[in-house]
Amino acid sequence: MAFEDLKYAQRKRLEYLDRLFFWNGAATRASLIQQFGISNAQAALDFRSYLKEVDDDALIYDATSRQYLAQKGFQRLTGPAATSELLELFDGDTQSVYDELPDLQRTQNVHAFLPLYRAIRGGQSVEIVYQSMRDPEPETRMIAPLRFVSDGVRLHVRAYCFTRNQFRDFIPSRIDLDLSFLKSSRIEDIPRDDEWFTWSVLELRPHERLAASQQRVVRTEFGFTEDVLEIRIRQALEFYTTRRWGLDQEFPRLECLSIKHIPMTKEEIDAD
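Residues numbered from 1 in each chain as written. Predicted model: local features only at pLDDT ≥ 70, side-chain atom pairs only at ≥ 80, totals over all residues. Heavy atoms only, no water.

**Some remarks on the overall build of the chain**
A tally of regular secondary structure across the chain gives eight helices and eleven strands. Projected onto its principal axes, the C-alpha coordinates of the chain cover approximately 75 × 50 × 40 Å. Intrachain contacts of the chain at a sequence separation of at least 6 include 61% that bridge at least 24 residues. On the chain, roughly 17,500 Å² of surface is accessible, and the fraction owed to carbon and sulfur atoms is 48%. Of note, the chain has its 36 positive side-chain charges centred 2 Å away from the centre of its 44 negative side-chain charges. (Helix = DSSP H or I, 4+ residues; strand = E, 2+ residues; numbered from the N terminus. Contact = heavy atoms within 4.5 Å. Areas by Shrake-Rupley, 256 points an atom, 1.4 Å probe, with all protein chains shown as cover. Lys, Arg positive; Asp, Glu negative; His and termini not counted. Charge placed at Lys NZ, Arg CZ, Asp CG, Glu CD.)

Below you can see the structure in the form of structure tokens.
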């Protein structure tokens, strides 16, 4: 990637310039000054450094608007663009061109994660009082936390539950912190987490009930490059994949043609 030899602060400024030229098609020294609070002299130096890296016909200076304009032949120096870059460009934009719904899943208490994290690090099992959505009342359980898992929205902890004698995923925010983590012990022998060490290979395609034009849109939205989209996940994450991709909805956009379960190789397990 370009700018690797530069100091971190200047590299970030030039990467920002690269994004401005891609998304806005234009940039000025004032763009850098406003975003990073640097001097005009430093902004001029940054621009010279950037211009040395781009092709001669990639940018032109427009004297009327007093800014550099990206031309048709402009190519990013920092790799493919990502829509996440828009959030940085929106930040500080005086025009209201972006808003978002509040995420109701992010109300997780960091203090629930701390003892779980330390238990994982220390190889300990801990007693928790847990409120599941299946049982009307909280239940005391002894669990051995092993790893954290993200479903794309929030973090879960995967643990062996000695109460149920099976591996379970727990949502830390459902743990009663006042009554939990009062007892702990070293983890004794627990079974192998076979679902964690097994690949699930899902073959997906646009749902057959969709019209041809709708199927084309679904292929674009989900990044299909072949007739069938194949994804590989841990078997332990199948439930979250089904829910996040809407495979369990009444009118899903995708349908699952097949699921193959493939045990991980010793090399894959050792590298885990």
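**Some remarks on the side chain of Glu255**
Tracing the chain through its elements places Glu255 in strand β11 (residues 254-263). Within polar-contact distance, the side chain of Glu255 engages the side chain of Arg205 at 2.9 Å. Looking at Glu255, its side chain comes within polar contact range of the main-chain nitrogen of Glu208, at 3.0 Å. When near neighbours in sequence (up to four residues on either side) are disregarded, Glu255 contacts Glu203, Leu204, Arg205, Pro206, His207, Glu208 and Leu247. (Polar contact = N/O pair within 3.5 Å; in protein donor to acceptor, adjacent residues only side chain to side chain.)

**Remarks on the pattern of salt bridges**
Per the stated rule, a full pass over the model turns up 18 salt bridges. For Asp46, the salt bridge goes to Arg13, with nearest N and O atoms at 2.5 Å. Remark: Arg13 occurs in helix α1 (residues 8-23) and Asp46 occurs in helix α3 (residues 40-53); sequence separation between them is 33 residues. We classify Arg13 as buried; its relative accessible area is 10%. In this structure, a network of salt bridges that share partners links the residues Arg147, Arg158, Asp169, Asp193 and Glu195. (Salt bridge = Lys/Arg side-chain N within 4 Å of Asp/Glu carboxyl O. Buried < 20%, exposed > 50% of the residue type's maximum accessible area, 1.4 Å probe, protein only.)

**Structural notes on the packing of aromatic side chains**
Summed over all chains, the structure comprises 13 aromatic pairs. With a centroid separation of 5.0 Å and an interplanar angle of 90°, the aromatic rings of Tyr130 and Phe170 are classed as edge-to-face. Of this pair, Tyr130 sits in strand β4 (residues 124-130) while Phe170 sits in strand β7 (residues 166-170), placing them 40 residues apart in sequence. A single burial state applies to Tyr130 and to Phe170, both of which are buried. Ring centres of Tyr160 and Phe162 lie 5.2 Å apart, and the angle between their planes is 85°; on these two criteria the pair is classed as edge-to-face. Judged by its relative accessible area of 8%, Tyr160 falls in the buried class. (Phe/Tyr/Trp six-rings, centres within 6.5 Å; stacked < 30°, edge-to-face > 60°.)

**Quick notes on the sheet that holds strand β10 (residues 229-234)**
Reading across the sheet, the three strands line up as β10-β9-β11 and stay open at both edges, with antiparallel pairing between neighbours. Each having just a single partner strand, β10 and β11 make up the two edges of the open sheet. Taken pair by pair, the neighbouring strands of this sheet meet at an average axis angle of 25°, ignoring direction. With nine bridges connecting them, strand β9 (residues 198-206) and β11 associate as antiparallel partners. Counterpart to Ser200 in the pairing with β11 is His261. (Pairing = 2+ DSSP bridges. Axes fitted to C-alpha atoms, helices over the stretch in contact; angles between N-to-C directions.)

**With respect to the packing of helix α2 (residues 29-36) against α3**
Put simply, α2 and α3 touch, their axes get as near as 9 Å, and they point 120° apart. Judged on the interaxial angle alone, α3 and α2 are oblique. Judged by the sense of rotation from one axis to the other, the crossing of α2 with α3 is right-handed. Within the contact between the two elements, α2 uses Arg29, Leu32 and Ile33 and α3 uses Asn40, Ala43, Ala44, Asp46 and Phe47. Per-class residue counts for the contact of α2 with α3 are five nonpolar, one polar and two charged. (Parallel < 35°, antiparallel > 145°, perpendicular 65-115°, else oblique. Left-handed = near helix turned anticlockwise from the far one by under 90°. Nonpolar A, V, L, I, M, F, W, Y, C, P; charged D, E, K, R; others polar.)

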